[in-house]
Amino acid sequence: MNQRENLDVGDIAPAEKPAPHVGRPMQRLEDPAILTGRGRYGDDLGVRPGTLHAAVLRSPHAHAELVSIDATAASAFRGVCAVLTRDDLRAWSRPFVVGVKSPMEQWALAMDRVRYVGEPVAVVLAESRALAEDALDLIKVSYTMLEPVTSIEQAASQDAPVLHERVGTNVISDRNFRYGKPEAAFDRAPHRVKLIAHYPRNTCAPIECGVVIAEYLSNDEGYDVTSNFMGPFSLHAVMSLALNVPANRLRHRTPRDSGGSFGVKQAVFPYVVLMCLASRKVGAPVKWVEDRLEHLSAATSATARLSTIEAAVENDGRITALSYDQIEDCGGYLRAPEPATFYRMHGCLTGAYAIDNLLVRNRVVLTNKTPTGLVRGFGGPQVYFALERLMQRIALTLNLDVLDVYSRNFVPANAFPYRAAAGALLDSGNYQEALLRALTDGRHTELVARRDTARKEGRFYGIGFAAIVEPSVSNMGYITTVMSVEARRKAGSKSGAIASATVSVDLLGGVVVTIASTPAGQGHMTVCAQVVADVLGISPHEVVVNVELDTQKDAWSVASGNYSSRFAGAVAGTVYLAAMRVREKIARIVSKQLDCTPDDVLFSKGRIYARGAEDRAQPFGRVAANAPHWAPALLPEGEEPGLRETVFWSPPNMEAPDEQDRINTSAAYGFAFDMCSVEIDRATGRIRIDRYVTVHDAGKLLNPALADGQIRGAFAQGVGAALMEEFRYGSDGSFQSGTLADYLMPTTCEVPDPIIVHLETPSPFTPLGAKGLGEGNNMSTPPCLANAVADALGVQDIRLPMTPSKVMALIGIDDPEPSRPEFRDMSASKPSTPGGKTLTAQGSVDLPATPEAIFVVLLDPTALAKVIPGCHALEAKAKDIYRADVTVGVGMIKARFEAEIGLSEIEAPRRLRLAGAGMSSLGSARGNGLVELTPIETGTRLTYDYEAQVSGKVAAVGGRMLEGAAKVVLRQLFESLGRQAASKPIKGGRPWLAGFIARFRGRA
Amino acid sequence: MKPAPFDYMRAMSTADALDALAENGEDARILAGGQSLMAVLNMRLAQPGMLVDISRTEDLTAVYVDQKAEQLVVGAAATQGSVEWRATLRDEVPLLAMAFPHISHFQIRNRGTVCGSIAHADPSAELPLVLAVLGGTVHLRSKKKHRVLAGKEFFKGMLMTARAPDELVEAVRFPMRAQGERYGFTEFSARHGDFAIVACAAVISDTFIRIAVGGVADRPVVEQWPCIEGDDLRSSLNDLSWKLGAQDDAHISAVYRRHLVRQLGWRAIREAK
């Protein structure tokens, strides 16, 4: 199914050409252990005896003052050893360093306020996780609700509530950039084409969530941590500073195996700090394993972005200038390395196109949602969803073929390396060739014919394209682009993308490779073994690759870790350089014995020999290890004993942002050109991907099978982002995607097999000519599918994810009236807006009692306690205010709430307003509604019109049940109210509240 | 995500299970396949004091045809898989055979039980829909008595049924294929195996069209019409789509649900024809 072509890439192979291993598919060395249950994931690792288990109490509210935390009962609970709260934090820690100059503070626990649902408020340390979770329910937290900020538009508006008072605004960063002469180009252009793009919050959810095992050793020794934090290890400095220890006192280790990262394991770092503090509090090692709800609600998210993008366009479709006005939602806190989502892409904001003039405004806003961070594609999906939708819009506006618009704007193949307007140095590529290959290998003409046929038959069929430049190996200096030139001057310049690798040969000639790349399933062990095998002339199976990382023992640096598609370009290249050093040292040593020059020492098939003397070849193991280990006296003058080489490498083209804010954000830039066709079911709005073609140029491919695996994985996530994945929030900031039944990821049934085509234009800047390719389809697939849907339906405004419900709304639904109006009344009388809303319920019950009798019940706490279903106790707290202990639920699903109920707008015996707010271990709920009593022949008709909001766990996992459940609970309430009022006269004392109200009303 | 503490009891016989239910009432829950219950327990949405495990209660695992009653009998502990993989199912209860592939994935059907799904009464679940449209029965047993309810009497609303706390859904019975009856089943869900956004099951004979809709109202809703077609059928389907009282929720609009009822209802009936 997949086609691959290896263009002649010249002599870049590490060993003799053709290389026996690099460039060929090879089965993964990782797999035997993983497939036979011997994987060593974070949760599998043994822990020290006495290790305690942590459970995190999290905020059910999006925005609230944290008034008080009472952990007395939880601390006394069986099995509980300690509870970490904010009071402990000031003594032992500091706020996290922030990526922009700002008085914003984020600590490992919420301090003065909570700013998103799921924010950690306290940590229980107990003998088991189950006991720790039991105790969570016993912590009493008092909150004062604040109005939440739940949209980008709201956050950026003047009158929005401010999340961080000391910052004074939710716009925590606002930067303008100008490259070339964009205003002049816009003035001159015959056409201006504009588009507004919304990119939603989403993620790339791994199977394995976060794991931290932390131990506080002593004041002098600091902390020892094992976690599945994936880097970038610049954040190791952030953790050390937060813990107030020198970096060498925070030992961090990573397990060998990872159940997926996709960027999101970057967000484990705040929990490393939190669990270190927890261990310090309790005086024992602490283990925390993030569960799915914690992960989805509170780990991290891709940024949501609102982009206004505009192009100045010539009549033939050539773009002379581009303007971006981007507003980024980074959540409740600007957490390091944000606002990196913006700046990772900054140098290549002009995409694959030769556009000299560029105007950019970047605003970062804070909202009451989970802090954002690395998610596969990091910044690319947001940029390309705007840019690639714009390319289609330009073609439509100017009535051009979009393929001509692409061809006319692509960076010419002979222009590489090409300096893009904002500073990216596009290293190599042939974009025109990639486009042609997509059309030919993807059989474009056939798709056009299918579209013609379909349209004749009245079916919706569309074709879409997307072209993306895929940056890999990030320049660690890019984040400083957010600072002004003056601020950068003051702070000192930052740059580079340092990779490190160590290759050693042991006493019997065994080769061990260690790297600081914290892999998450990509096959780093396999590729490193292939690279080293080629250099040393041995078999990959003889090479041991240890991918665990220990910050006290291994070679690592700022850019270490598993992100920005840096493995192939940087890490594998550095492994190659380290292996070459080993080889050169061996060559120098054995050339003396073989009586040849070091260049004439050859390594092949596990042997070493002098050129032309293969018959006298000796085994690698014996020759390589002999002098360095067993006979240092034989070493040539000046040669060190031992055989272990560590190389630190940084790309040669990595500078800090210049005075004009130009920044080469990445070392290498791959390319992907996608073409797809979709058919949309007119009856359901379901999008079926008929064909998907993705052409990649990632330079030299090290292992094509793994490359295809990366493409398939990114494609699946791209399909998810396009069609179903979104973190949903209510208008009250409640999080509504807390399970994998609510946060929908595509399964194998929903993801077609793409046609993959490779070009190989090697990078001149990486040791092996390789570039990254693992993120391309996260960037290209959503706009490619959106363009196809827009083409199919002839619509403009496409919002992700393109769920059937939304697509059907674009098609338009014929919703005929029922034959009898009363059928209509059985449907919702009050439409509510999907997405952000309250739960509503309206209804009426006919009761065989007078309005007066019913009203008495409503005003009598004793009677009210009887009518509220599941009410255990109800007492009057103040005038018109009751405190209730009540269990509510649907079927077996139940929650016990401590609620406050207030009566207002009382007009006996006609109407009153009943408002309630409650907290339970499942979250918080508040409701407010009008109850009206109308006398009818048989008694009274009680009508209610109610609104409710729930937040916390119930909202996060309730999903499709929530609406119905709220109705059930409210109906139960009012029906039993009626039954109680109707059955018998209320016993007990006089309706004291009625008297109270009468007095009150009399006064008023 | 650990459940709250509970006592666990494995019932060796139906009598064991009934004793436990009689003793603990509402505080006890039956654990059969656990495919709904375990998730709810782990999230602490339910915190029963006792789980009565009937998954290995041998006298409850039977699946057999009651020839006299012309019914397929499925015991409380019988997995969906054990019914689905019956070689004769397509002849016995064709609509069940049509519905099973829509129920999640086969791994889950190998654990989940038929009676468990009925007892859970999820408004989007397929098995309650099939039971309702076929006019099947739910057999409830407590220490004191045994009673038989039709689907309409049993399903009381979202996750709510007529089961008393001391009762066990001992078995459900699906009427066998009737002479001249034809069947259709259509479902629309976000992904393969997800809960239905809308599911429709149709039974057609020479004299009637019976259709049931799941996923919209708080329980499966059944309607029966004479053998109408064309505009009459469209109009009846449209009325039905309104009568279900579709609601907007965070994901899906009421208009879209009504649309799906009309579309899927039509398809189910066409499939049955």
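The structure displayed is predicted, hence computed values, not measured ones.

### Some remarks on the overall build of chain A
- In terms of regular secondary structure, chain A is built from 27 helices and 36 strands.
- Relative to the 2.2 N^0.38 estimate, which gives 30 Å for 1004 residues, the radius of gyration of chain A is 32 Å and therefore close to what a compact globule would have.
- C-alpha atoms of chain A, sized along the principal axes, occupy 115 × 70 × 55 Å.
- Residues counted as buried form 62% of the 1004 residues belonging to chain A.

### Quick word on the overall build of chain B
- The number of helices and strands found in chain B is 11 helices and 14 strands.
- Taking 273 residues into account, the globule formula puts the C-alpha radius of gyration at 19 Å, and chain B, at 19 Å, falls close to it.
- Taking the contacts inside chain B whose residues are at least 6 apart along the sequence as the reference set, 59% of them involve residues at least 24 apart.
- One finds the centroid of the 32 positive side-chain charges in chain B at a distance of 2 Å from the centroid of its 33 negative side-chain charges.

### A look at the state of the cysteines
- Scanning the model with the defined rule gives zero disulfides over all chains in all.
- Lacking any disulfide linkage, A:C81 is separated from the closest cysteine sulfur, that of A:C276, by 18 Å.

### Topic: the nonpolar core
- Of all hydrophobic cores here, the largest spans 172 residues; its most connected members are A:V123, A:M275, A:L322, A:Y406, A:F410, A:F673 and A:M802.
- Ignoring anything within four residues of it in the chain, the contact list for A:F673 reads A:L403, A:Y406, A:F410, A:A434, A:L435, A:A438, A:F465, A:A466, A:A467, A:V693, A:T694 and A:V695.
- B:L21, B:I54, B:L129 and B:A201 belong to the second-largest nonpolar core, a separate cluster that totals 56 residues.

### As for the sheet that holds strand β34 (residues 911-920) of chain A
All names here are of chain A.
- Strands sit in the order β30-β36-β35-β34-β33-β32-β31 across an open sheet of seven strands; the sheet is antiparallel. The outermost strands of the open sheet, each flanked by one partner alone, are β30 (839-847) and β31 (871-878). Ignoring strand direction, the axes of neighbouring strands in this sheet form an average angle of 25°.
- Strand direction decides the pairing type here: strand β35 (residues 923-936) and strand β36 (residues 939-951), joined by 13 bridges, are antiparallel. Counted as the bridge partner of S924 is S951 from β36.

### A word on the pattern of salt bridges
Residues and elements named next belong to chain A.
- The tally for this structure, following the rule as stated, stands at 73 salt bridges over all chains.
- A salt bridge links E639 to R588; the nearest nitrogen and oxygen atoms lie 2.7 Å apart. A residue pair is termed long-range when its members are at least 10 positions apart, and E639 in the loop between α18 (620-630) and β26 (644-649) and R588 in helix α17 (residues 567-594) qualify at 51 residues.
- On the accessibility criterion, E639 (16% relative accessible area) is buried.

### Notes on the interface of chain A and chain B
- Contact residues are listed per partner, giving 63 residues for chain A and 48 residues for chain B.
- Regarding the contact of chain A and chain B, the summed buried area is about 5,000 Å², with carbon and sulfur atoms giving 59% of it.
- Considering only the surface of chain A that becomes buried against chain B, A:D815, A:M892 and A:R960 emerge as the three largest contributors, covering 14% of it.
- Summed over the shared surface of chain A and chain B, the number is six salt bridges.
- Put simply, chain A and chain B have 22 residue pairs in polar contact (both at pLDDT 80 or more) between them.
- At the level of secondary structure, the elements contributing two or more residues to the side of chain A that touches chain B comprise α4 (129-136), α9 (292-298), α21 (804-811), α22 (821-825), β33 (893-907), α25 (953-958) and α26 (962-983) of chain A.
- Of the residues forming the side of chain A that touches chain B, the biggest block, six residues, is contributed by α26(A).
- Residue composition of the side of chain A that touches chain B, grouped by class: 28 nonpolar, 12 polar and 23 charged.

### Regarding the packing of helix α12 (residues 402-409) of chain A against helix α13 (residues 431-441) of chain A
Residues and elements named next belong to chain A.
- Their axes nearest at 10 Å, the elements α12 and α13 cross at an angle of 155°. Our classification of the angle between α12 and α13 gives roughly antiparallel. On α13, the residues touching L403, Y406 and S407 of α12 are Q432, L435 and L439.

### A closer look at the packing of aromatic side chains
All names here are of chain A.
- Enumeration over the complete set of coordinates arrives at 26 aromatic pairs over all chains.
- With a centroid separation of 5.3 Å and an interplanar angle of 70°, the aromatic rings of F416 and Y431 are classed as edge-to-face. Placement of the pair is F416 in the loop between α12 and β16 (418-419) and Y431 in helix α13, with a sequence separation of 15 residues.
- You can call F416 buried: its relative accessible area is 16%.

### A word on the confidence of the model for chain B
- Counting all residues, the mean pLDDT for chain B is 96, and 100% of those residues have values of 70 or more.
- Across the interfaces of the predicted complex, the ipTM metric reaches 0.96, alongside a pTM of 0.94.

### Comments concerning helix α7 (residues 234-243) of chain A
Residues and elements named next belong to chain A.
- In terms of burial, α7 is a largely internal element, seven of the 10 residues being buried.
- Residues of α7 that are buried include every one of L235, H236, V238, M239, S240, A242 and L243, and no others.
- Contacts from the buried residues of α7 go to α3 (86-92), β10 (222-227), β11 (250-254) and α8 (269-282).
- Looking one or two residues past α7, N244 carries a phi angle of roughly 65°, positive in sign.

### Comments concerning the packing of α7(A) against α8(A)
Residue and element names in this part refer to chain A.
- For the pair α7 and α8, the least separation of the axes is 10 Å and the interaxial angle reads 30°. Taken together, α7 and α8 sit at an angle that is classed as roughly parallel. Handedness of the α7/α8 crossing: right-handed. Of the residues in α8, those touching α7 at L235, V238, M239, A242 and L243 are F269, V272, V273, C276 and L277.

### Regarding a nonpolar patch on the surface
- Judged by side-chain polarity, A:L507, A:L508 and A:W630 come together as a nonpolar surface patch covering roughly 390 Å² of accessible area.
- Residue placement: A:L507 occurs in the loop between β19 (499-505) and β20 (511-515).

### Regarding unusual backbone geometry
All names here are of chain A.
- Residue P417 is bonded to the preceding F416 through a cis peptide linkage, with omega at -5°.
- By the secondary structure assignment, P417 is in the loop between α12 and β16.
- The omega torsion across A908 and P909 is -10°, close enough to zero to call that bond cis.
- Mapped onto the elements, P909 comes out in the loop between β33 and β34.
- A positive phi angle is found at R443, which is not glycine, with a value near 50°.
- Relative to the helices and strands, R443 resides in the loop between α13 and α14 (444-456).
- Among the residues examined, R443 registers a relative accessible area of 38% and is labelled partly exposed.
- The phi angle at S564 is positive, at roughly 50°, despite the residue not being glycine.

Calculation criteria
Residues numbered from 1 in each chain as written. Chains lettered and ligands numbered in written order. Predicted model: local features only at pLDDT ≥ 70, side-chain atom pairs only at ≥ 80, totals over all residues. Heavy atoms only, no water. Helix = DSSP H or I, 4+ residues; strand = E, 2+ residues; numbered from the N terminus. Rg over C-alpha atoms; globule rule 2.2 N^0.38 Å. Buried < 20%, exposed > 50% of the residue type's maximum accessible area, 1.4 Å probe, protein only. Contact = heavy atoms within 4.5 Å. Lys, Arg positive; Asp, Glu negative; His and termini not counted. Charge placed at Lys NZ, Arg CZ, Asp CG, Glu CD. Disulfide = S-S within 2.5 Å. Core = buried A, V, L, I, M, F, W, Y, C linked by side-chain atoms within 4.5 Å. Pairing = 2+ DSSP bridges. Axes fitted to C-alpha atoms, helices over the stretch in contact; angles between N-to-C directions. Salt bridge = Lys/Arg side-chain N within 4 Å of Asp/Glu carboxyl O. Buried area = accessible area lost by both parts, 1.4 Å probe. Polar contact = N/O pair within 3.5 Å; in protein donor to acceptor, adjacent residues only side chain to side chain. Nonpolar A, V, L, I, M, F, W, Y, C, P; charged D, E, K, R; others polar. Parallel < 35°, antiparallel > 145°, perpendicular 65-115°, else oblique. Phe/Tyr/Trp six-rings, centres within 6.5 Å; stacked < 30°, edge-to-face > 60°. pLDDT = per-residue confidence, 0-100. Left-handed = near helix turned anticlockwise from the far one by under 90°. Patch = residues over 30% accessible without salt bridge, like charges linked within 9 Å, V, L, I, M, F, W, Y side chains within 5 Å. Areas by Shrake-Rupley, 256 points an atom, 1.4 Å probe, with all protein chains shown as cover.

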